[in-house]
Amino acid sequence: MRHLRLVRTLASEGTLTAAGQRLYLSQSALSHQLKEIEEEFGVKLFRRIKRRMLLTPAGQRVLDGAEVVLNEIDRVRDDITRLSSGESGTLRIAACRSIGFSWLPTVLNSFKNAFPGVEISIDSSWDHDPANRLMSGAVDIAITNAKEERSGIVYLRLFDDELVAVVRFDHEWATKNHVTARHFAEVDLVTLDFPMNGHDIRNTMLARAGVTPRSVITLPTIEAIVDMVKGGVGVAALNSWPARPFLNGGTLKAVRLGRNGVERTWYAAVTENDHNPPSIAGFIGLLAHHGKS
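Not measured: the values here are computed from a predicted model. Starting from 1, residues in each chain are numbered consecutively following that chain's sequence as written. Reporting of local features is limited, given that this is a predicted model, to residues whose pLDDT is at least 70; pairs of side-chain atoms are given and counted only at 80 or more, and all residues count toward the totals for whole chains, interfaces and linings. Only heavy atoms go into the side-chain values, all of them from the structure, while hydrogens and water stay out.

## Concerning helix H2 (residues 16-23)
Each α-helix winds once per 3.6 residues, and so residues spaced three or four apart point in a common direction.
And step 1. Throughout, exposure labels follow a simple rule: accessible area from a 1.4 Å probe, protein chains only, divided by the maximum for the residue type, with under 20% read as buried, over 50% as exposed, and the rest as partly exposed. Only runs of H or I of at least four residues qualify as helices and only runs of E of at least two qualify as strands under DSSP, and these elements are numbered from the N terminus. Listing the buried residues of H2 in full gives Leu16, Ala19 and Gly20. All buried residues of H2 project into a common sector of 100 degrees when viewed along the axis, lining one side.
And step 2. Only heavy atoms matter for contacts: two residues are in contact if any of them lie within 4.5 Å across the pair. Buried residues belonging to H2 abut helix H1 (2-13), helix H3 (27-41), strand S1 (46-49) and strand S2 (52-55).
And step 3. Residue Tyr24 follows H2 closely and has a positive phi angle near 60 degrees. Within this analysis, the arc is defined by the directions that extend from the helix axis to the C-beta atoms.

Structure representation (structure tokens):
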């Protein structure tokens, strides 16, 4: 790199004195470096005409290559600077399917205004513990309500939420203040098609009461579950934050689970790292604000 910069500078300045001043080198040091690169290629790169240093054909070819290499190195340095400062790059987010994606347009628009050079990539291929995705470096942020203590993972609290039963407006539950576990023994439960975990209603509220739904219908997305319930097939248990947009039209009703409700807390899980770019904190702040509004 030093030799390539020498060739470029000497070709631009035209004299050893001017090139030395620009590179902060003595004339003898400059002459020594020029000798090194000429010996490396085994050919003269410059010829001296009076005091001027003019490129030979071989020198011109080295200069052409130097321009390509040095310009690319400069671009790499600029890119690394922008990446480390959070001004560019890709922010990779893991979002479990139980969160849905109705929140994404609002948060994404605000994020792009604050970080126009940063792209967003959403990974919804996991459904429970995000630790492995984070520790492997596959994602930068995991949005979850399943807080699993794990060394190297930090869970940043976003906001509190509540798990609710979602039913059609004309369902018999729609007029109730709340329902209990025993009510689920009489209905078809529509839920996401991933294995039960410690936060699934079947493995918590219903299991503690020894209740099994009349039947279980599994679907891949919240949107599909909502469509099924709207069609009068079964009831769902959804987190109220992602379910909120579907409850505004009057077709669906949210009913509290138990007299005191079932509280959930959403977290942004990140690796324990002092050098996370500002875009991570920016996205988390916007998501927390959206959830609380």
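## Observations regarding the nonpolar core
And step 1. Only buried residues count toward a nonpolar core, which is a set of Ala, Val, Leu, Ile, Met, Phe, Trp, Tyr and Cys residues joined through side-chain atoms within 4.5 Å. Counting 24 residues, the largest nonpolar core has Trp103, Ile141, Ile143, Leu158 and Phe283 as the members making the most contacts within it.
And step 2. Of all the secondary-structure elements, those providing two or more residues to this core are strand S3 (89-95), helix H5 (104-114), strand S5 (141-144), strand S6 (153-168), strand S12 (262-271) and helix H10 (278-292).
And step 3. The greatest single-element share of this core, amounting to 5 residues, is contributed by H10.
And step 4. Core analysis: the next-biggest nonpolar cluster, separate from the first, contains 18 residues, Trp173, Ala174, Val187 and Leu206 among them.

## Some remarks on the pairing of S1
And step 1. A pair of strands is considered paired only if DSSP assigns at least 2 bridges between the two. The pairing of S1 with S2 spans 4 bridges and is antiparallel. Note that in S2 the partner of Arg47 across the bridge is Leu54.
And step 2. The hairpin turn running from S1 into S2, its antiparallel successor, is 2 residues long, and Lys50 in that turn takes a positive phi close to 55 degrees.

Function cannot be inferred from these measures alone, as they are strictly geometric.
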